Amino acid sequence: MTNAFSYACRDCEGMEACPASITAETKEEVWQLMGHHARIAHQENPDDWDQETRDYLEMLIKEVEV
Ligand SMILES: [Zn+2]
């Protein structure tokens, strides 16, 4: 077993219908993948996320064992 970081898009307010989840070894990688996902699935530009949004998303990234 090893520790990893996980983000489930449905945990985000307003994204309850989105089935995507991301798990990666580092938080940094999760952030990169969240950015890709936001662009592809939600037509969002992660460069536009303000600090409040980033803090909120940060809370949704959970440490998991895989
Ligand atoms: Zn999503």
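Look up: the structure comes first, before these words.
First, a word on what this report is: a plain description of the structure on this page. (Residues numbered from 1 in each chain as written. Predicted model: local features only at pLDDT ≥ 70, side-chain atom pairs only at ≥ 80, totals over all residues.)

This part is about the sheet that holds strand 2 (residues 21-24). Think of a sheet as strands paired side by side through backbone hydrogen bonds, with each pair either parallel or antiparallel. Taken together, 3 strands build an open sheet; the order of strands is 2-1-3 and the sheet is antiparallel. Sheet topology places strand 2 and strand 3 (62-65) at the edges, where each strand pairs with a single neighbour. Put simply, the sheet's adjacent strands are angled 35 degrees from each other on average, direction ignored. Two elements, strand 1 (residues 3-8) and strand 2, share 4 bridges in a ladder whose sense is antiparallel. Paired with S6 across the two strands is T23, which belongs to strand 2. In the packing of helix 1 (residues 27-42) onto the sheet, the strands contacted are strand 1 and strand 2, and the crossing angle to strand 2 comes to about 150 degrees. (Pairing = 2+ DSSP bridges. Helix = DSSP H or I, 4+ residues; strand = E, 2+ residues; numbered from the N terminus. Axes fitted to C-alpha atoms, helices over the stretch in contact; angles between N-to-C directions. Contact = placed C-beta atoms within 7 Å.)

This part is about the environment of V30. Summarising the element assignment, V30 is placed in helix 1. In the structure, V30 is positioned 24 residues away from S6 in sequence and 7.0 Å away in space, judged by C-alpha atoms. With residues near it in sequence (within four places) discarded, V30 still touches F5, Y7, I22, A24 and I61.

The next thing to look at is unusual backbone geometry. In this structure, Q43 takes a positive phi of about 50 degrees despite not being glycine. By the secondary structure assignment, Q43 is in the loop between helix 1 and helix 2 (51-60). Under the C-beta neighbour-count criterion, Q43 is labelled exposed, with 7 such atoms within 10 Å. (Buried ≥ 20, exposed ≤ 12 C-beta atoms within 10 Å, placed from the backbone.)

We now examine helix 1. Owing to its 3.6 residues per turn, the α-helix brings residues three or four apart onto one side. Spanning 16 residues, helix 1 covers 21 Å between terminal C-alpha atoms, matching the ideal 22 Å at 1.5 Å per step. Among the residues making up helix 1, those that are buried are V30, M34 and A38. One side of helix 1 carries all its buried residues, which in axial view fall inside an arc of 80 degrees. In helix 1, the exposed residues that point more than 90 degrees away from the buried face are E28, H36 and I40. Downstream of helix 1 by a residue or two, Q43 has a phi angle that is positive, lying close to 50 degrees. (Expected span 1.5 Å × (residues − 1). Arc of directions from axis to C-beta.)

None of this, on its own, says anything about what the molecule does.
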